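Fold and geometry: a report
The primary structure of each chain is shown beneath.
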Amino acid sequence: LLGAGLADQGETLKSISCYEKAIEINPLFLNARYNLGVAYLGLGRRREAIDQFSFILEHNPRHSGARLNLGVALVKEKQHEAAVPHFAEILRLDPGNTAALLYLGAALEALGRPREALAVYRQALATAPESAASPRPRAHPLLGAAKAHARRSGSEEPRHARTSPSRCSRRRSL
């Protein structure tokens, strides 16, 4: 609890210390591990975040927050192929999870699978139409990119997918 309060106040390094102490006392304190992973991810310490989220999923495979953030960390590490099954599992449990749809689309696009990415982006737009209509999408940073991607693409392969990585895959994430 103290770690979360510190994190909310922008004291990330102090919050990390609190989470680490809590885990030292109880290695199976999954909430502390989750918060530690989120803090690590926010600081760009992706390998450490991946370790925390992986540990959580070993003990609770249905922890959607850990699974989503593990996928995000893997995408940021350019391990798109490894990220895809995590987003797919989230969507199996929660088909309307917009964040999972958007990150899955970005991962597929980075893997050179633009048609699949486009279908996923369209599904994301359908699950969050009120956000997609907004000039500054609030549901997720990738939503605006997905909307633009879908507009440009129509039913054809996106132009930029043939020559360069997607702008969507370079957007800021969690």
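Structural data are supplied above this passage.
Below you will find a few notes about this structure. (Residues numbered from 1 in each chain as written. Predicted model: local features only at pLDDT ≥ 70, side-chain atom pairs only at ≥ 80, totals over all residues. Heavy atoms only, no water.)

Let's talk about the overall build of the protein chain
Going by this rule: Helix and strand labels come from DSSP, where a helix needs a run of H or I of at least four residues and a strand needs a run of E of at least two; each type is numbered from the N terminus. Any two residues having at least one pair of non-hydrogen atoms within 4.5 Å are treated as being in contact.
Scanning the protein chain from terminus to terminus reveals eleven helices and zero strands. Restricting to contacts in the protein chain with at least 6 residues of sequence separation, those with at least 24 account for 45%.

Concerning helix α3 (residues 30–42)
Where we set the bar: The length a helix should cover is 1.5 Å for every residue beyond the first. Between buried and exposed lies partly exposed: a residue is buried under 20% and exposed over 50% of the maximum accessible area for its type, with that area taken using a 1.4 Å probe on protein chains only.
For α3, which comprises 13 residues, the first-to-last C-alpha distance of 18 Å matches the rise-based estimate of 18 Å (1.5 Å per residue) to within 8%. Listing the buried residues of α3 in full gives Leu 30, Ala 32, Arg 33, Leu 36, Gly 37, Ala 39, Tyr 40 and Leu 41. Residues of α3 that are buried sit in contact with α2 (12–25), α4 (46–59) and α5 (64–76). Of the residues one or two after α3, Gly 44 is the one with positive phi, at around 80°.

A few points about the packing of aromatic side chains
As a reminder of what qualifies: Working definition: rings of Phe, Tyr and Trp (its six-membered ring) pair if their centres are within 6.5 Å, and the pair is stacked with planes under 30 degrees apart, edge-to-face with planes over 60 apart, and tilted otherwise. The criterion is that NZ of a Lys, or CZ of an Arg, lies within 6 Å of the ring centre and within 35 degrees of the ring normal, and then a charge sits over that ring.
Enumeration according to the criterion identifies two aromatic pairs in this entry. Their ring planes at 15° and their centres at 5.9 Å tell us that Phe 87 and Tyr 103 sit as a pair that is stacked. Pair noted here: Phe 87 is in helix α6 (residues 80–93) and Tyr 103 is in helix α7 (residues 98–110), with a separation of 16 residues, a long-range link. Of the two residues examined, Phe 87 and Tyr 103, each falls in the buried class. When the ring centre of Phe 55 is taken as origin, the NZ or CZ atom of Arg 33, which lies over that ring, is 3.8 Å away.

Description of the side chain of Arg 33
Short version of the rule: Neither His nor the chain termini are counted; the positive set is Lys and Arg, and the negative set is Asp and Glu. A pairing counts as a salt bridge when a side-chain nitrogen of Lys or Arg comes within 4 Å of a carboxyl oxygen of Asp or Glu. Identification of polar contacts relies on pairs of N or O atoms within 3.5 Å, with a donor-acceptor requirement for protein atoms, meaning one able to donate a hydrogen and the other able to accept it, and with residues adjacent in sequence counted only if both atoms are side-chain atoms.
Note on placement: Arg 33 falls in helix α3. Buried charged residue Arg 33 carries no salt bridge. Nearest counter-charge: Asp 51, at 8.7 Å. A polar side-chain atom of Arg 33 sits 2.8 Å from the main-chain carbonyl oxygen of Pro 27. In this structure, Arg 33 is in contact with Ile 23, Pro 27, Gln 52, Phe 55 and Ile 56, ignoring residues within four places of it in sequence.

Quick word on unusual backbone geometry
At Lys 78, a residue that is not glycine, the phi angle is positive and equals roughly 65°. With respect to the element layout, Lys 78 can be found in the loop between α5 and α6. A residue is classified by how much of its surface remains accessible, and Lys 78, at 65% relative accessible area, is exposed.

Concerning the packing of α2 against α3
To keep things clear, this is the line we draw: For helices, the fitted axis covers only the stretch in contact; all axes are lines through C-alpha atoms, and the angles between them, taken along N-to-C directions, range from 0 to 180 degrees. The scheme is simple: roughly parallel for angles under 35 degrees, roughly antiparallel for over 145, roughly perpendicular for 65 to 115, oblique for anything else. Left-handed is the label given to a crossing in which the near helix is rotated counterclockwise from the far helix by less than a right angle, and right-handed is the label when the rotation is clockwise. Note on residue categories: nonpolar means Ala, Val, Leu, Ile, Met, Phe, Trp, Tyr, Cys or Pro, charged means Asp, Glu, Lys or Arg, and polar means any other residue, Gly included.
Where α2 contacts α3, the two axes come as close as 9 Å, and the packing angle between them is 150°. In terms of axis orientation, α2 runs roughly antiparallel to α3. The two elements α2 and α3 cross, and the hand of that crossing is left-handed. Residue-level contacts link Thr 12, Ile 16, Tyr 19, Glu 20, Ala 22 and Ile 23 of α2 to Ala 32, Arg 33, Asn 35, Leu 36, Ala 39 and Tyr 40 of α3. When the residues that make up the contact of α2 with α3 are grouped by side-chain class, the tally is eight nonpolar, two polar and two charged.

Things to note about the environment of Ala 119
Note on placement: Ala 119 falls in helix α8 (residues 114–127). Separated by 14 residues in sequence, Ala 119 and Gly 105 place their C-alpha atoms 8.1 Å apart.

Structural notes on the pattern of salt bridges
For the structure shown, the criterion picks out four salt bridges. The salt bridge partner of Glu 48 is Arg 45, with a shortest N-O separation of 2.7 Å. Residue class for Glu 48 comes out partly exposed when judged on its relative accessible area of 31%. For Arg 45, a relative accessible area of 29% gives the class partly exposed. In this structure, Glu 89 and Arg 92 form a salt bridge, with 2.8 Å as the shortest nitrogen-oxygen distance. A residue pair is termed a helical-turn pair when its members lie 3 or 4 positions apart in one helix, as Glu 89 and Arg 92 do in helix α6 at three residues. Residue class for Arg 92 comes out exposed when judged on its relative accessible area of 54%.

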